[in-house]
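# Survey of secondary and tertiary structure
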Amino acid sequence: MFFAKLYIAFMEITFMKKLLCILLILCLCGLNGCVEKKKAVISNDNYDNSIIYNIGKIPDSLFSLDNKTDSSILPALFQGLVKYDSNNNIEGALAEKYIISDDKLTYKFIIRSDAKWSDGSKITANDFVNFFKEYIKRNIDNNDNLDCIFGVKEYRTSKNSFSNVAINAVDENTFQIRLNYPCDYLLSMLTLPEYTLRNIDTDLDKWKDNYKQIKYSGPYIIKSIDSKGNINLDKNNCYWHKDNVINSNLVFSTIDNDEAAFANLITGKINVLRDPPINQIGDLKSNDSINFLKGNTIAALAFNLNSKPGDSSNIYTLNNDFRSAVSLYLDRGIICSDILKNKYDPSVDYLNYNDNASLNKAYFQKKSSSNKADELIEKIKLPKGHTFDLIYVDSIENKLLCDTVISQINNDKLNLNIHAAACNEEEYKQRITTGKYDMALIEIHKDFDSPISLLKKWEKNSPFNSFGYNNEKFNNIMVKLNFEKNDNIKSQYIHDGEDILMNELPFIPVGIKRNILCNKNNINGLFINKNENLIFEGAYITK
């Protein structure tokens with residue numbers, strides 16, 4: 001009997017061990033299944049129904065972006081008072097309409113009754129007042145674009161309080177701006193991504209941790225950020241025009257390398273890309289999903305015009321005939337078509353009226369005029385063998401451009417020892433600020449849709465003008481432009497200003513950068529607006 005009981009006890013223990021082993025195996029299998037599921041959620045390799053666009057460097061803040069991040073992320077998440085439609089006409093956005101006074105000094109914006117934040121709360125005129133108050137207060141890059149508004153300059157420079165700024169809420173639904181002088185480009189400025197409505201607080205600066213706390217005013221919200229830095233967006237169901245958001249899934253990849261981003265397009269990991277590497281453009285031209293569009297950015301050569309008493313180091317750059325000779329030596333056609341693979345259109349002027357070519361005036365030829373250049377060099381008789389520094393921000397494209405410029409302008413007549421110096425962005429800015437250069441490859445961006453945007457950059461006190469250019473007659477024209485009400489006289493001032501710049505040549509336009517948009521053939525409804533932002537709101541994928 002004892003042995004029988006012992007046998008039964010042994011069998012029970014063995015059964016329990018087997019049962020525990022089976023349960024342990026099942027538990028491990030279940031745990032492994034959870035891990036696999038988690039991996040599937042964070043993987044960024046399979047977004048079958050998503051539009052995937054590379055914006056470059058992941059932004060540090062959603063308040064202000066640096067130039068390594070495509071600003072198209074802002075109009076995807078936030079919206080302003082007005083915007084450009086697909087035909088690049090200005091239309092109401094969060095404001096359903098705007099009213100301009102007869103003297104063109106007062107602008108009233110009527111906020112849509114169905115305009116809401118992503119949390120469902122109503123967007124009011126006071127939200128815009130608070131936005132502009134905080135935006136101007138931060139005074140990013142000493143931006144003076146809004147100085148046309150009464151009191152802004154004094155508030156921006158801490159000479160007055162915001163209570164003296166003519167930005168206010170007339171009532172809950174009426175936002176009002178009063179100007180110092182008529183500003184025909186105000187509406188164009190207000191379409192810029194930096195003026196999209198946001199609550200300016202620490203959540204924007206720490207958005208990667210706090211994106212769920214942010215209130216969005218645009219067509220999309222941030223749903224998640226995956227382990228590879230992809231920013232996953234979802235449709236904002238409180239957006240006033242939500243029915244126009246066809247594709248709910250939008251992904252912004254953050255590949256901070258042009259070649260790697262292009263490889264991802266080829267392999268299908270992204271399906272929309274802008275500005276592919278210059279050495280790949282030829283391969284893409286046979287593909288019907290590439291579009292070359294007019295751009296707003298001018299590549300130019302700027303001269304160091306900062307002179308110091310007794311300093312002869314910039315004897316060349318201060319000589320107007322020398323600057324003219326450099327311009328004449330350039331073959332813009334070869335640079336833009338052969339070297340830069342048609343990524344640029346040759347510049348024959350500065351203001352470049354895209355919408356009205358009849359207003360353009362050709363100051364330059366696309367081909368080189370080396371004989372005329374030689375005559376100028378003989379005339380000025382500058383000393384030979386001078387070391388001459390041409391600086392640029394390091395990139396394949398910029399190196400190609402600068403090497404070609406040097407080969408075109410450096411000859412027996414000129415006999416300069418030209419050194420092209422590739423810099424990182426910080427070193428480049430420092431050398432511009434301290435004047436340690438002779439000539440610099442620069443980008444001149446048309447900030448808003450007006451030729452005045454390009455002229456303003458060369459005023460004496462412009463934040464852009466670090467190159468020492470100062471012409472009293474030009475500065476006076478810019479003051480007159482602000483207060484002139486007659487359109488014909490204003491147009492004449494604009495042409496006079498361009499004449500002065502193109503005759504004195506503090507900089508030499510080389511080419512106008514094109515927007516090159518590459519996308520898979522099943523992506524539809526995308527467009528690039530006048531601000532060079534890619535708009536996704538009406539985009540969709542076909543099967």
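A few points on the structure. Note that the structure is predicted; figures quoted are calculated from it, not measured.

### Quick look at empty space enclosed by the protein
- As enumerated under the stated definition, the model contains four cavities of 30 Å³ or more in all.
- In terms of lining residues, the largest cavity is bounded by Tyr135, Ile136, Asn139, Ile140, Asn143, Leu146, Val152, Arg156 and Tyr195.
- Mapped onto the lining of the largest cavity, the elements with two or more residues apiece are α3 (125–138) and α4 (152–156).
- Looking at the lining of the largest cavity, its residues break down into six nonpolar, two polar and one charged.
- What the second largest cavity holds in volume is close to 60 Å³.
- Lining the second largest cavity are ten residues, with Gly295, Asn296, Asn352, Lys446 and Leu454 positioned closest to its centre.

### A few points about the pairing of strand β4 (residues 95–100)
- Here five bridges tie β4 to strand β5 (residues 106–111), and the two strands are oriented antiparallel to one another. Counterpart to Lys97 in the pairing with β5 is Ile110.

### Describing the nonpolar core
- The biggest cluster of nonpolar side chains holds 151 residues, and the ones touching the most others in it are Phe175 and Phe322.
- In contact with Phe175, not counting residues within four places along its chain, are Leu81, Tyr107, Lys108, Phe109, Ile111, Ala125, Phe128, Val129, Phe132, Ile167 and Asn168.

### Brief notes about the pairing of strand β8 (residues 220–225)
- Relative to strand β9 (residues 231–235), β8 is paired through five bridges, and the arrangement is antiparallel. Residue Ser224 lies in a different strand from β9, and its bridge partner there is Asn232.
- Between β8 and β9, which follow one another and run antiparallel, lie five residues, and Gly229 among them has a positive phi close to 90°.

### Focus on the pattern of salt bridges
- Per the stated rule, a full pass over the model turns up 15 salt bridges.
- Here Glu91 ties to Lys83 by a salt bridge, and the two come within 2.5 Å at their closest N and O atoms.
- Residues joined in a network through salt bridges with shared partners are Lys57, Asp60 and Asp66.

### Focus: the packing of aromatic side chains
- Under the defined criterion, the tally for this structure stands at 30 aromatic pairs.
- With centroids separated by 5.4 Å and ring planes inclined at 55°, the aromatic side chains of Tyr53 and Phe536 adopt a geometry described as tilted. In this pair, Tyr53 sits in strand β1 (residues 51–54) while Phe536 sits in the loop between β20 (534–535) and β21 (540–541), placing the two residues 483 residues apart along the sequence.
- By relative accessible area, Phe536 is classed as buried at 3%.
- Ring geometry for Tyr469 against Phe474: centres 6.3 Å apart, planes inclined by 65°, an arrangement best described as edge-to-face. Summarising the burial analysis for this pair, Tyr469 and Phe474 share the class buried.
- Three or more aromatic residues link up through ring pairs in this structure, and these residues are Phe63, Tyr98, Tyr107, Phe109, Phe128, Phe131, Phe132, Tyr135, Phe175 and Tyr195.
- The positively charged end of Arg138 is found above the aromatic ring belonging to Phe63, 4.4 Å away from the centroid.

### Things to note about the sheet that holds β5
- The strand order across the open sheet formed by four strands is β4-β5-β7-β6, and the pairing between neighbours is antiparallel. Pairing within the sheet leaves two strands with one partner each, and these edge strands are β4 and β6 (167–171). Strand-to-strand twist in this sheet, taken as the mean axis angle between neighbours without regard to direction, amounts to 25°.
- As judged from the four bridges shared by β6 and strand β7 (residues 174–178), these two strands associate in the antiparallel manner. Considered in β7, the bridge of Asp171 is made with Thr174.
- Each of β5, β6 and β7 touches α3; the most contacted strand, β6, lies at about 170° to it.

### Topic: helix α11 (residues 332–339)
- Listed in full, the buried residues belonging to α11 are Arg332, Gly333, Ile335 and Cys336.
- Its side-chain oxygen 3.2 Å from the backbone nitrogen of Gly333, Asp331 forms the N-cap of α11.
- Positive backbone phi, approximately 55°, marks Lys341, located one or two places after α11.

### A few points about the environment of Tyr493
- When you line up the elements, Tyr493 lands in helix α17 (residues 487–504).
- On the basis of relative accessibility, which here comes to 18%, the residue Tyr493 falls in the buried class.
- With twelve residues separating them in the primary sequence, Tyr493 and Leu481 have C-alpha atoms 6.6 Å apart.

### A few points about the packing of α11 against helix α13 (residues 396–409)
- Relative orientation of the contacting elements α11 and α13 amounts to 145°, with a least axis distance of 11 Å. Between α11 and α13 the crossing geometry is right-handed. Taken together, the residues of α13 that come into contact with α11 (itself represented by Ile334, Ile335 and Ile339) are Leu400, Leu401, Thr404, Val405 and Gln408.
- Grouping the constituent residues of the contact of α11 with α13 by class yields six nonpolar, two polar and no charged.

Parameters at a glance
Residues numbered from 1 in each chain as written. Predicted model: local features only at pLDDT ≥ 70, side-chain atom pairs only at ≥ 80, totals over all residues. Heavy atoms only, no water. 1 Å grid on protein atoms, 1.4 Å probe; cavity = no way out; pocket = protein on both sides within 12 Å on 5 of 7 lines; lining within 4 Å. Points joined across faces, edges and corners; volume = space filled by probe spheres on them. Helix = DSSP H or I, 4+ residues; strand = E, 2+ residues; numbered from the N terminus. Nonpolar A, V, L, I, M, F, W, Y, C, P; charged D, E, K, R; others polar. Pairing = 2+ DSSP bridges. Core = buried A, V, L, I, M, F, W, Y, C linked by side-chain atoms within 4.5 Å. Buried < 20%, exposed > 50% of the residue type's maximum accessible area, 1.4 Å probe, protein only. Contact = heavy atoms within 4.5 Å. Salt bridge = Lys/Arg side-chain N within 4 Å of Asp/Glu carboxyl O. Phe/Tyr/Trp six-rings, centres within 6.5 Å; stacked < 30°, edge-to-face > 60°. Lys NZ or Arg CZ within 6 Å of the ring centre and 35° of its normal. Axes fitted to C-alpha atoms, helices over the stretch in contact; angles between N-to-C directions. Polar contact = N/O pair within 3.5 Å; in protein donor to acceptor, adjacent residues only side chain to side chain. Left-handed = near helix turned anticlockwise from the far one by under 90°.

Coordinates in, geometry out; function isn't part of it.
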